[in-house]
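Coordinates in review
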Amino acid sequence: MLDERVVTLARTLLHHSVELKKGERVLITSPLTARPLIKALIKEAYAMGAYPYVNIYDDEISRYLITGYEAEQLETSMGWDLKRVKEVDAYISIASSENDSELSEVPGDKFQLRGEYFKPVQKVIINERKWVLLNYPTKGLAQKAKMSFESFENFLLDVCNVDYKKMEQAQQPLKELMERTDKVRIVSPGTDLSFSIKGIPAVKCAGDNNIPDGEVFTAPVKDSVNGTITYNTPCPYRGTIFNNVSLTFENGKIVEATADNSEKLNEIFDTDDGARFVGEFAIGVNPMIQHPMGDILFDEKICGSIHFTPGEAYEDADNGNRSSVHWDMVLIQRPEYGGGELYFDDVLVRKDGLFVIPELEGLNPENLK
């Protein structure tokens, strides 16, 4: 018998996230480690009169494939995947990794090659299809979170099943304020960063494209970023975790980047011209996620956090930056992480992770739980 929380999650994904309708087709991409959720999704899709399709993958097999990728091979594979996503109405991507470092030994040029060839597939999914991305609990993820598997499973299912309708309503005043704002300033230990978000839309995220969810994002005007930001959470990227990442910007561009592995960090930022510019600025508000676990789907939603993302901008909050990189990096501003302030047009809107102006207080943890 399926855990009722898994059934609830499947219903949230199909009814709320992708809003599947009778007669529509949904593609579910997942490893077998998420078997209970896959089964719940299939059962619920059929109950709705919709048509589920499943694509199973395996990280270890993927490592063998990626290591030998060539352009001709990728062009064929991309064509197959592009046809598939064009023939469905909705796309559910489930990540459920047993080993977060499985792909860490794959050469960076192979990742870059794959990223370039699969851009058409990603563009269709993100811009033309209803889609959602989520994690499913594994022992590997539990270990990364420093929790027993049972505790982590309970945590993940509780976090994923928050009241997203309530969260969406509470995010509306923040969206409106961000769209009226020109200058943003972020101040924290090791951080004093300023930039403009004038004229760029703000997007509410409340269970539509990510589960768990809880952020409002926009993008900085591309050449407006100046100052330094020091992230106080682990920054995972392609199987490697970077710590103590600090980035200094001049006129939008990263001119200095340091971490515990500065050489590899700078190799990533040298991937292409857009990798040293920023494509996203977001504010995290999920009250159930308090601490980093090295998994960006969770960490970027941390209550009292921001993330500031080198690389590709999303088309629905577009500053024109293009890159094969999109690297969400998280700074927590709650007191136990050093505190900090967030200013919009020189007005303090959040201090030490809590909103301090009346119209945004509905996003503080006690009002969202």
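Our structure's up above, just so we're on the same page.
Computed from a predicted model, the values in this text were never measured in an experiment. (Residues numbered from 1 in each chain as written. Predicted model: local features only at pLDDT ≥ 70, side-chain atom pairs only at ≥ 80, totals over all residues. Heavy atoms only, no water.)

**Concerning the packing of helix α4 (residues 71-86) against helix α6 (residues 119-128)**
At a closest axis distance of 9 Å, the pairing of α4 and α6 adopts a crossing angle of 10°. Classified by the interaxial angle, the pair formed by α4 and α6 is roughly parallel. Packed against α4, whose contacting residues are Met78, Asp81, Leu82, Val85 and Lys86, the element α6 presents Pro120, Val121, Val124 and Ile125 at the interface. Each residue belonging to the contact of α4 with α6 can be placed in one class, and the counts come to seven nonpolar, no polar and two charged. (Axes fitted to C-alpha atoms, helices over the stretch in contact; angles between N-to-C directions. Helix = DSSP H or I, 4+ residues; strand = E, 2+ residues; numbered from the N terminus. Parallel < 35°, antiparallel > 145°, perpendicular 65-115°, else oblique. Contact = heavy atoms within 4.5 Å. Nonpolar A, V, L, I, M, F, W, Y, C, P; charged D, E, K, R; others polar.)

**Comments concerning a nonpolar patch on the surface**
On the surface, Leu32, Val54 and Ile56 cluster together into a nonpolar patch covering about 240 Å² of accessible area. Among the structural elements, Leu32 can be located in the loop between β1 (25-30) and α2 (35-47). (Patch = residues over 30% accessible without salt bridge, like charges linked within 9 Å, V, L, I, M, F, W, Y side chains within 5 Å. Areas by Shrake-Rupley, 256 points an atom, 1.4 Å probe, with all protein chains shown as cover. Salt bridge = Lys/Arg side-chain N within 4 Å of Asp/Glu carboxyl O.)

**A word on the nonpolar core**
If you look at the biggest cluster of nonpolar residues, it comprises 88 residues, and the most contacted ones within it are Ile92, Phe281 and Phe308. The element that contributes the greatest number of residues to this core is helix α9 (residues 164-180), accounting for six residues. Not counting chain neighbours up to four residues away, the residues in contact with Ile92 comprise Leu13, Leu14, Val18, Val26, Leu27, Ile28, Thr29, Leu41, Val132 and Leu134. Grouped together as the second largest cluster of nonpolar side chains are 17 residues, Val106, Phe111, Val121 and Trp131 included. (Core = buried A, V, L, I, M, F, W, Y, C linked by side-chain atoms within 4.5 Å. Buried < 20%, exposed > 50% of the residue type's maximum accessible area, 1.4 Å probe, protein only.)

**Section: the sheet that holds strand β20 (residues 354-355)**
The eight strands lie next to each other as β14-β13-β10-β6-β5-β18-β19-β20, forming an open sheet whose pairing is antiparallel. Edge strands, defined here as strands with exactly one partner in the open sheet, are β14 (253-258) and β20. The pairing of strand β13 (residues 246-250) with β14 spans five bridges and is antiparallel. Looking at β14, one finds that Thr248 is bridged to Glu256. Sitting on the sheet, helix α10 (residues 262-269) is in contact with β13 and β14, with an inclination near 160° to β14. (Pairing = 2+ DSSP bridges.)

The values reported here are purely geometric and, on their own, carry no functional implication.
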